[in-house]
Amino acid sequence: MAADSRIERARARARSAKALIGASTLLVFGVAFVGAKVHAPGHAKGKTSPLGAPKSFERAVKRSIAQGGVIAPAVQPPPVASATS
Amino acid sequence: MTVHRLEAMGCEIVAAGIDPETVARVFEEWEDEFSLFRPGSELCRVNRSPAEVLAVSPLFARALDVALDVAEDTNGLVDPTLCGRWREVRLVGRLLSRPAGLALDLNGVVKSLAVDAAAELIEGEGFVSAGGDIAVRGPVDVALPGGGAIRVVAGGLATSGTASRGRHLVDPRTGEPSDSLWEQVTASGSSCLAADVAAKAAFLLGPDGPAWLDEREIPGRFVALAGDVVESRLWTGALACI
């Protein structure tokens, strides 16, 4: 009985140890998995957007098409005339 | 400042502060690419092609891209298809896609783009003018239609209207030559292209032209068929502030 009891106790300790190791492994894997997902560079975490010039730049370029120039009163005889052609 | 005169794109080119041969070369390059009167020009070849998708040259792609931006900005008043179908033209890089048979006419932007391209080559001060559409580097005094003159300090100045060639500007909203109440509209822009586009759009808008320029803070001057002169708010302000 004593020997059985000792064997049973040893088996119980072994089962506990296996369960503990399994739980630890799952925990370490889970932490590593979540850490990689959150922190590892190169992993898309949000919606992707196309590469290219920022919209503000495109707007600035387009604005220049409809932008006034700088004029002032003439002070000399003009060397050139603006007219329809 | 020595002023040079030459002929290109069917009009008189006036330039100063730049070698006239350089100016001639720039205009020849643009005319060779976009002339509707040269069967070998890329524009004619594109218009003749039955293909719906074509690869075009970098210069052609650049000009068409500008023309489509201009059509967007003017809500189709200056339209490279001349018939209100500019939204059917797609350009991705150098790949052009448009419905078969839809012809392009880039004359609405090509002359002023050539003026701006030539003016880019001025080292120091000077100007380039094609048929009266001007880009300056440094202040230049310019005579105005109907009399008077103005100093263009920066950017460009352009005039659109019916004075020299009659009713040649097509209104894309109707497909017919414009019956604008203006004879000539002169506008000042950040470049010759900007000035030319503003002048054309304001001319085609008729009575709404001055308000359209004011909304965009573009100085403009309108000569009516009856001879009256109307100035936009910024034009009057620019002349009064000095």
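To be clear, the structure that these remarks concern was listed above.
This one's a predicted model, so the numbers in the text were calculated from it and none came from an experiment.

> What am I meant to see in the overall build of chain B here?
Each helix and strand in chain B was counted, giving 7 helices and 14 strands. Here chain B has a C-alpha radius of gyration of 18 Å; the compact-globule value for 242 residues is 18 Å, and the two agree. Each principal axis of the C-alpha distribution contributes one length, and for chain B these read about 55 × 40 × 30 Å. Counting contacts in chain B only where the partners sit at least 6 residues apart, residues at least 24 apart contribute 51% of the total.

> Would you mind going over the interface of chain B and chain A with me for this structure?
For an interface, size is often stated in terms of accessible area lost upon the parts coming together. Taken residue by residue, the interface counts 52 residues in chain B and 22 residues in chain A. Looking at the side of chain B that touches chain A, the elements with two or more residues in it are β2 (11–16), α3 (58–73), β6 (126–130), β8 (140–143), β9 (149–161), β12 (182–189), α5 (192–204) and α7 (233–240) of chain B. Of the residues contributing to the side of chain B that touches chain A, the split by class is 31 nonpolar, 14 polar and 7 charged. Bridge analysis of strand β2 (residues 80–81) of chain A against β8(B) gives 2 bridges, and the strand direction is parallel.

> What am I meant to see in α5(B) here?
Note: α-helices contain 3.6 residues per turn, so residues at a spacing of three or four share the same orientation. All names here are of chain B. Between its first and last C-alpha atoms α5 spans 18 Å; for 13 residues at 1.5 Å apiece the expected length is 18 Å, and the two agree. Along α5, 13 of the 13 residues are buried, which leaves the element largely enclosed by surrounding structure. Taken from the residues just after α5, glycine 206 is the one with a positive phi, measuring 60°.

> Sorry, what's going on with the pairing of β6(B) here?
On a regular strand, each side chain points to the face opposite its neighbour's, so the side chains alternate between the two faces of the sheet. All names here are of chain B. Of all the 5 residues making up β6, 5 are buried; the element is thus mostly covered by neighbouring parts of the structure. A two-sided burial pattern is seen for β6, the buried positions comprising Gly126, Val128 and Ala130 on one face and Phe127 and Ser129 on the other. For β2 and β6, the ladder comprises 4 bridges, and the chain directions are antiparallel. Each bridged residue has a counterpart across the sheet, and for isoleucine 13 the counterpart in β6 is alanine 130. Inspection of the sheet shows β6 paired to strand β7 (residues 133–137) by 5 bridges, in the antiparallel sense. Along β7, the bridge assignment pairs serine 129 with isoleucine 134. In textbook terms, the turn of a hairpin is the stretch between consecutive antiparallel strands, and for β6 and β7 this stretch comprises 2 residues, one of which, glycine 131, has a positive phi near 60°.

> What is the right way to look at the pairing of strand β13 (residues 220–224) of chain B in this model?
Residue and element names in this part refer to chain B. Of all 5 residues in β13, 4 are buried, a share of seventy percent or more. Of the strand pairs in this sheet, β13 and strand β14 (residues 229–231) are connected by 3 bridges, and their pairing is antiparallel. Counterpart to phenylalanine 222 in the pairing with β14 is valine 230. If you look at the hairpin formed by β13 and β14, you'll find 4 residues sitting between the two strands, and glycine 227 has a positive phi there, around 100°.

> Mind showing me how you'd approach the sheet that holds strand β5 (residues 95–97) of chain B here?
Sheet strands pair via backbone hydrogen bonds, and the direction of the pair is either parallel or antiparallel. Residue and element names in this part refer to chain B. Read from one edge of the open sheet, 3 strands run β3-β5-β4, paired in antiparallel fashion. With partners counted over all chains shown, the strands left at the sheet margins are β3 (53–55) and β4 (90–92), one partner each. On average, each strand axis in the sheet is inclined to that of its neighbour by 20°, with strand direction left out of account. Examined bridge by bridge, β4 and β5 share 3 bridges and lie antiparallel to one another.

> Would you take a moment to explain unusual backbone geometry for this structure?
Most peptide bonds take the trans form, and the phi angle of most residues other than glycine is negative. Positive phi is not limited to glycine here, since Met9(B) has a value of about 50°. Considering the arrangement of structural elements, one finds Met9(B) in the loop between β1 (3–8) and β2.

What counts, and at which threshold
Residues numbered from 1 in each chain as written. Chains lettered and ligands numbered in written order. Predicted model: local features only at pLDDT ≥ 70, side-chain atom pairs only at ≥ 80, totals over all residues. Helix = DSSP H or I, 4+ residues; strand = E, 2+ residues; numbered from the N terminus. Rg over C-alpha atoms; globule rule 2.2 N^0.38 Å. Contact = placed C-beta atoms within 7 Å. Nonpolar A, V, L, I, M, F, W, Y, C, P; charged D, E, K, R; others polar. Pairing = 2+ DSSP bridges. Expected span 1.5 Å × (residues − 1). Buried ≥ 20, exposed ≤ 12 C-beta atoms within 10 Å, placed from the backbone. Axes fitted to C-alpha atoms, helices over the stretch in contact; angles between N-to-C directions.

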